[in-house]
Amino acid sequence: MAVKPNPTVVINKLRFTYPGIDGYPPPGSKPLIDDFSLSLNPGDRCLLVGSNGAGKTTILKILGGKHMVDPDMVRVLGRSAFHDTALTSSGDLCYLGGEWRREVAFAGFDVAIQMDISAEKMIFGVSGVKPERRAELIKVLLLDEITVDLDVLARADLLSFLKKECQERGATIVYATHIFDGLEDWPSRIVYVAHGKLQLAKPMDEVKESSNMSLMRTVEKWLRKERDELRKRRKERKANGLPEFEKQVDGTRVTGDPARALNNGWAAGRLNSTVAGAENFVLSSNRVIRQ
Ligand SMILES: Nc1ncnc2c1ncn2[C@@H]1O[C@H](COP(=O)(O)OP(=O)(O)OP(=O)(O)O)[C@@H](O)[C@H]1O
């Protein structure tokens, strides 16, 4: 019997709501991510797809330890992504998002990506990196649409480099993107998220088997279906005399304590009041920053 590998990423019934200005989920708010479970193994190249606002970045950031969730909900390499800061400081876990993309676009490919390994090396080959150092490279890499600013050749080289890293080194990559050019043979798994909920998590081979369309057309079909169902629900709500759009709780509006009263319930940008001292800090909206 084949030995099952230890999963590198385990998401277990993840539930997440962005906190309001007081650091707590606004009363009555619905979780943005709800009942989301997923398990990934070494070598997995996971393509995360979904419409705008589906929750892809939020999921990647939670996986990258950037938002606090219950330690049992997200385990990366067996550890809590948020609570075990050594995961990211050691370089075992890395989230690359828009900032990195912009840096590469403006500063060029010599921007560091993994420790002192530059993007250039990563894209054009890490043959110069000693084998013993290669073992220190990232084990779980989270990519949030980082290829937008790359030219087609650089993008193709980066994607094939990343694929090799998974195949040869057992790295796990989760890549969220809306660009499907050149991705047909890249992912080993597809994960589709809609409205913060997992819709589908399948090996790429199974997706290909069940659809005779290209990856882009397949995803387009899923998103079209999702949009049509949403439109239908809105129509039904309207026909039943309900507001077309369900009531949203505004995450930035809060009520109840002195800071809120002075702020008229809204978050004002007052970073200097935090610097000004503890007294002001009590009334500062910035006290929601982790204390
Ligand atoms: N810091 C935040 N505070 C409150 N709400 C947020 C915050 N960041 C994102 N959101 C909301 O969470 C929802 C999901 O956003 P997210 O960026 O995770 O989606 P996405 O699938 O990555 O979208 P896109 O494809 O457009 O990048 C959106 O409605 C967004 O407005």
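Scroll up to find the structure this text is about.
Residues numbered from 1 in each chain as written. Predicted model: local features only at pLDDT ≥ 70, side-chain atom pairs only at ≥ 80, totals over all residues.

Things to note about the sheet that holds strand β3 (residues 45–49)
Turning to step 1, where the next piece is worked out: If you trace the six strands from one edge of the open sheet to the other, you get β6-β9-β10-β3-β11-β12, paired in mixed fashion. Each end of this open sheet is capped by a strand with a single partner; those strands are β6 (93–96) and β12 (197–203). For this sheet the average axis-to-axis angle between neighbouring strands, irrespective of direction, equals 15°.
Turning to step 2, where the next piece is worked out: As defined by bridge partners, β3 adjoins strand β10 (residues 172–176) across four bridges and the pair is classed as parallel. Considered in β10, the bridge of C46 is made with V174. (Pairing = 2+ DSSP bridges. Helix = DSSP H or I, 4+ residues; strand = E, 2+ residues; numbered from the N terminus. Axes fitted to C-alpha atoms, helices over the stretch in contact; angles between N-to-C directions.)

Re helix α6 (residues 152–169)
Turning to step 1, where the next piece is worked out: Compared with an ideal rise of 1.5 Å per residue, which puts 18 residues at 26 Å, α6 spans 25 Å between its outermost C-alpha atoms and is within 8% of the ideal.
Turning to step 2, where the next piece is worked out: Regarding α6, the residues found buried are L158, L159, E165 and C166. Viewed along the axis of α6, the buried residues span an arc of 120°, placing them on a single side of the element. Among the exposed residues of α6, those pointing more than 90 degrees away from its buried face are V152, L153, Q167 and E168. (Expected span 1.5 Å × (residues − 1). Buried ≥ 20, exposed ≤ 12 C-beta atoms within 10 Å, placed from the backbone. Arc of directions from axis to C-beta.)

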